[in-house]
Every structure is written in structure tokens, then in C-alpha cells.
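# Architecture at a glance
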Number of protein chains: 2
Amino acid sequence: MLTISQLAAYAGVTVRAVRHYHRIGLLPEPERDRSGYRTYDAGAVVRLIRIRTLADAGVPLARVQELLAAGPEEFADGVQEIDKALRAEIRRLQDTRGRLARLAAGEHLALPQSVVDYLDRLRGLGVEERYIEMERDAWIMIAAQVPHSIDSVIAKKHEELDDPDMVKLYSLLSGALDWPADDPRIVEVADIMERLMVRAVEAGEVGADDGIDDQFVDLLDSTMVESSPHAARLLAILEERGWRGWTRIERVPADRLNTDLPPS
Amino acid sequence: MLTISQLAAYAGVTVRAVRHYHRIGLLPEPERDRSGYRTYDAGAVVRLIRIRTLADAGVPLARVQELLAAGPEEFADGVQEIDKALRAEIRRLQDTRGRLARLAAGEHLALPQSVVDYLDRLRGLGVEERYIEMERDAWIMIAAQVPHSIDSVIAKKHEELDDPDMVKLYSLLSGALDWPADDPRIVEVADIMERLMVRAVEAGEVGADDGIDDQFVDLLDSTMVESSPHAARLLAILEERGWRGWTRIERVPADRLNTDLPPS
DNA sequence: GCTTGACCTTGACGCTGGGTCAACCCTCCA
DNA sequence: TGGAGGGTTGACCCAGCGTCAAGGTCAAGC
């Protein structure tokens, strides 16, 4: 006959755990000797080791109870399921190892790869790191609000970067972080933007359905306005010249300008 | 700006969890809008995703706190350690899968492989399954009490089975489960045992240091006596003939018999 | 026969990482 | 204007034990 600590040690559990199993009825209370000590037989060893094997696999004790009480068929099914969960857990942990390595390498896990690639491309074009961080934060906010459309939007941004004028625009905007609020170079930026817009209109890209919903267009625009003090001034200049929008460009007829006031 | 549910959804956690992180100071409380709603920026997204990456790796939240507050060097060291723990956990789960498969296959995990092999050998010799179960339970009790010496003891039992008389003995003992208490065949068993003992004495195996400690010899003997009603009678017969012990045999001189009573 | 130290007993509280109400307020849309 | 679907705080609940606390028992040595 075994004492509780012999039983526990052999099964690789603590004495406390064995008593816990007694309390919840998972392991039957054995006979006591005349001094009240529990005395265990081989059956208890077998059952306890079964309990631990299942519990080590992450099975809740209540479910262990069910399984040990079930017939062999139900037991086999249960074990199948547990094994499936174990395989999934192993995969999850392997995945976590990968994410952890990327975190340690200083990667930003808050953005999908497509956006990270886009930011790397900007960096490669010589855009200042401060500006890239601003863009990154803006993209994080966008991705958090519409995670499903982020990839298609970024694909469009990639296309735009094929235009040398757009590259020029970025290098100017990058430097604009240090400009005073009324810096005249903002006009130069507006000029480049207008050229880009004209070309977009000629290519028939304006007014076509771009597959992005209206609310999202508003979101992108407002994110842009929030991101820099120059943004609002830039939009004002462009509006004077008959353009509206940023994400989705519209040509506004001269007589419909200043529609902030409702037409009387 | 994001609401709590946008933040939570993007980071793959529940709103409740985010609030929990606020309470324990893991994620700083953000500004509120005029109606009391929390409003989050990109920094919160980045921090929350870092928290989750570490927490998913099984790091306690208190430790996450420390790591995120630490310098890059300490952080890298911490991540190293976490990764080590992850690898260990993955190995443990793979091991558990193996044990689970053996459990499902009906194996008894309560015994080391050496004992399982020994029982299989008995089974191969035609020993009855009931007797093998008895032996198994006895070996479980022994293994639980002295796990470190079990292998060497089993090795000796394997050697003994090379003797055809020992094989005969087992086949008799196996059948003895159904004998009445005073079955005369027990004498036949005693005869075989005596032959085995004589041969052991001749081979010089008796009295030599067998490397097993005295307490353990007592344990094996008492386990044997408890296992069957015939065992005690068998030992009594052998003692009449001048033999003592079972696990470790001793030749007792005729004039020293009945030493239960102290010599006057 | 007494002490010592290792073991046994029950019972109660603590811990992590949130889940789950409850009771209420805010915003948006028809 | 009202109802759905957000948000807010607060309080209690869960597994699976760990960790005291406050003793009773046993074996061994003196």
C-alpha cells in the first residue's frame, strides 16, 4: 500500500493535487489506515496516471471525469478530438515563436505585410523617417478601421508611386514637416498635385468606380487632414483651383465653388 | 481615432480584455471624448499588439509589463528566454501526444517499459491473464515505492526465466488462482522452488551481494505474501525444509529453525 | 519515555486572465 | 421619438491548484 506522497511522487503530481482530485470526485477516496492516512493500491496509480495524461493534454478535469466514465468508443472519439486540439496548439505556439522573433527584430506587427512593403518603398525613395512614422501611424488607424480593404488601397498607392511626379511630391511632403505654417513652397506642392490630377482626369481615372466605399474615402481624407498642419491649407488651395478631395478626386465646376454654404 | 471595440477587434482581443489591461496599468488609459468614450491612437494599437504577442507566448501580464518597460537589451534577453520556454512547451505537447496515443491504444502507462516487456514475456509463456494482472498490480506498487531500482530487479527476473524450472513454476502458479486453500499441489510448487534454490546455492548466487537493499527485499516479500492466499503456506513449507525468504534466499541450519521464539 | 523531524489531516484564502451579468448612458438611423 | 447597438463602471464567478495555518502521527535516536 502507498501513502499519498508516494502515489503523488510516482505519478508526478503534488499531494495537493491528489487531494483536489478526491474533493472533486475524480479519484475515489481510498481506505484509511487506523490513523486516518489514505492508503492507495495499484488501481489508484493507474487511474491517477490516466488523469494526468489527459490533464497534461489540456483537458479540463470535468471532461476528464466524463471521458474516464465513458465507454471505449466515446473515449476513443474524445482522444481523437484532444489530439486535434493538441496539434492546433502546437501550430499556434510555432506561429507565436515566429511573431515573437519578428517583434524582437523590431518589426511592427500592427500592419499587414502589404503596408510594410509600401512604407519600405517610401524609405527607399529617400523619404524621411519621421514622415514614414507619421504615415505608418495613419495606416495603422486606417487598417484598424477597415482591415478588409487595406490591401486593395495599398495596391493603388503602389501604382501611383510609378509616376515620377508622385515621387517628387513625397520628397517635398517629407521635408514639409519642418516648414513654417505659411511656407510658400506649399504652392509648389499644389502645382505638382494639380499636374497629377490633370493626368488622372485625362486617363479617365476620375469619376470611375474605384471600388472603395464613400465612408472609407472620407476616412482617408480626414486621416490626412489630421496628420499635418499643412494638409488643410493644401486642400484649400486646390479647392480654389476647382479640385475637391484627396483620396478620390473630383473636378468642381467654377460656378459651384464654395458649396459649404447651401445654394439659396 | 478608434473606439475600444475597433481597437479590440483589430488586435484580436475582447473589449473586456482591453479594459482589464487598463485596470492593471498595462495599457495607459487614453483620452475620452466628451461623452466619456475612450479614444485610441496608433500608439495604443502598437502597444496592444505587443502585449498580445507576448501574452500569447504564455508570458504573465506582470512580466509583459516589465519587458515593455525594459531597455532593448533586457527585452532581447527576455524574449530569448520566452522562446526557450516555447520550444520546451512544444516538445512537451508532442510528448503528450505520444502518451495519449499509447493510452488510447490500451497501454498501461503506470509501468516502465522494462516491466511491460517482462509481463509480455510471461504472457508469451502461456501464463493466464488474471495472474498477469496480479503481477502487474504488484509491480506497480513496487515501482511506485522504489522507481530507481525497478529496472535492475526486472533484469534479474528476466534471467531467472531462462531456467525451464522457473517457467514450469509460473505455469503452476498461474493455475493456482483457482486452487482451494489446502490444495496438495502446493507441495509440487514447493518442490520446484527447492530445486531452483539448490541450484542457486550451487551456482554461488546465494549469500552474494545482489545490490538490492534489505528494506527493498522485505518489500518484495511482503508484496508477494499479500498477492495470494497460497503464498504464506508456500513459504511455511519451504521454511520447514530449511529455506527462508523469497526475493533473497537463505539456507537456514536445522538447529536454528523456529527462530520466531528467541533462543533461551 | 521523550524529543525531533518528516509526514499526514482539514480548512481557508490567493492567484491569473479574464467571462458574465447588471444597470445605466450615448449615438445614430428611420 | 424611439429603439438598436454601441459605450460606461462595478461586482461577482471560474479552473486548478499553491500556500499558509494549525494541528495529529509515526519512526528513530537518545
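Here the structure is a predicted model, which means the values were calculated and not measured.

This paragraph deals with the protein's contact with DNA strand C. Around DNA strand C there are 19 residues in total, and Ser-5, Arg-19 and Arg-38 of chain A together with Arg-16 and Ser-35 of chain B lie nearest to it. For DNA strand C, the backbone makes up 72% of the atoms found within 4 Å of the protein, where backbone means sugar plus phosphate. Between DNA strand C and Arg-32 of chain A, the relevant distance is 3.0 Å, taken from a phosphate oxygen to a side-chain nitrogen or oxygen of the residue. Contact distances for DNA strand C include 3.0 Å between a phosphate oxygen and a side-chain N or O atom of Tyr-21 of chain B. Counting only elements with at least two residues in the surface near DNA strand C, the list comes to α1 (4–11) and α2 (15–23) of chain A together with α2 (15–23) of chain B. Looking at the surface near DNA strand C element by element, the count peaks at four residues for α2 of chain B. For the surface near DNA strand C, the residue count by class is seven nonpolar, six polar and six charged.

All names here are of chain A. Tallied over the entire structure, the rule returns 43 salt bridges over all chains. In this structure, the salt-bridge partner of Asp-165 is Arg-199, at a minimum N-O distance of 2.7 Å. You can see Asp-165 sitting in helix α9 (residues 164–175) and its partner Arg-199 sitting in helix α10 (residues 185–202), a full 34 residues away along the chain. Take Arg-199: its relative accessible area is 35%, and that puts it in the partly exposed class. Among the salt bridges present, the one from Asp-191 reaches Arg-241, with a minimum N-O distance of 2.9 Å. Of this pair, Asp-191 sits in helix α10 while Arg-241 sits in the loop between α12 (229–240) and β1 (243–244), and the two are 50 residues apart along the sequence. A relative accessible area of 29% places Arg-241 in the partly exposed class.

Here we take up the protein's contact with DNA strand D. Near DNA strand D you find 19 residues, and of these Arg-16 and Tyr-37 of chain A together with Ser-5, Arg-19 and Arg-32 of chain B are the closest. Close to the protein, within 4 Å, the atoms of DNA strand D are drawn from sugar and phosphate at a rate of 69%. A distance of 2.8 Å separates a base nitrogen of DNA strand D from a polar atom in the side chain of Tyr-37 of chain A. Those elements that provide at least two residues to the surface near DNA strand D are α2 of chain A together with α1 (4–11) and α2 of chain B. Of the residues that constitute the surface near DNA strand D, the class distribution is seven nonpolar, six polar and six charged.

Conventions and cut-offs
- Residues numbered from 1 in each chain as written.
- Chains lettered and ligands numbered in written order.
- Predicted model: local features only at pLDDT ≥ 70, side-chain atom pairs only at ≥ 80, totals over all residues.
- Heavy atoms only, no water.
- Near = heavy atom within 4 Å.
- Polar contact = N/O pair within 3.5 Å; in protein donor to acceptor, adjacent residues only side chain to side chain.
- Helix = DSSP H or I, 4+ residues; strand = E, 2+ residues; numbered from the N terminus.
- Nonpolar A, V, L, I, M, F, W, Y, C, P; charged D, E, K, R; others polar.
- Salt bridge = Lys/Arg side-chain N within 4 Å of Asp/Glu carboxyl O.
- Buried < 20%, exposed > 50% of the residue type's maximum accessible area, 1.4 Å probe, protein only.

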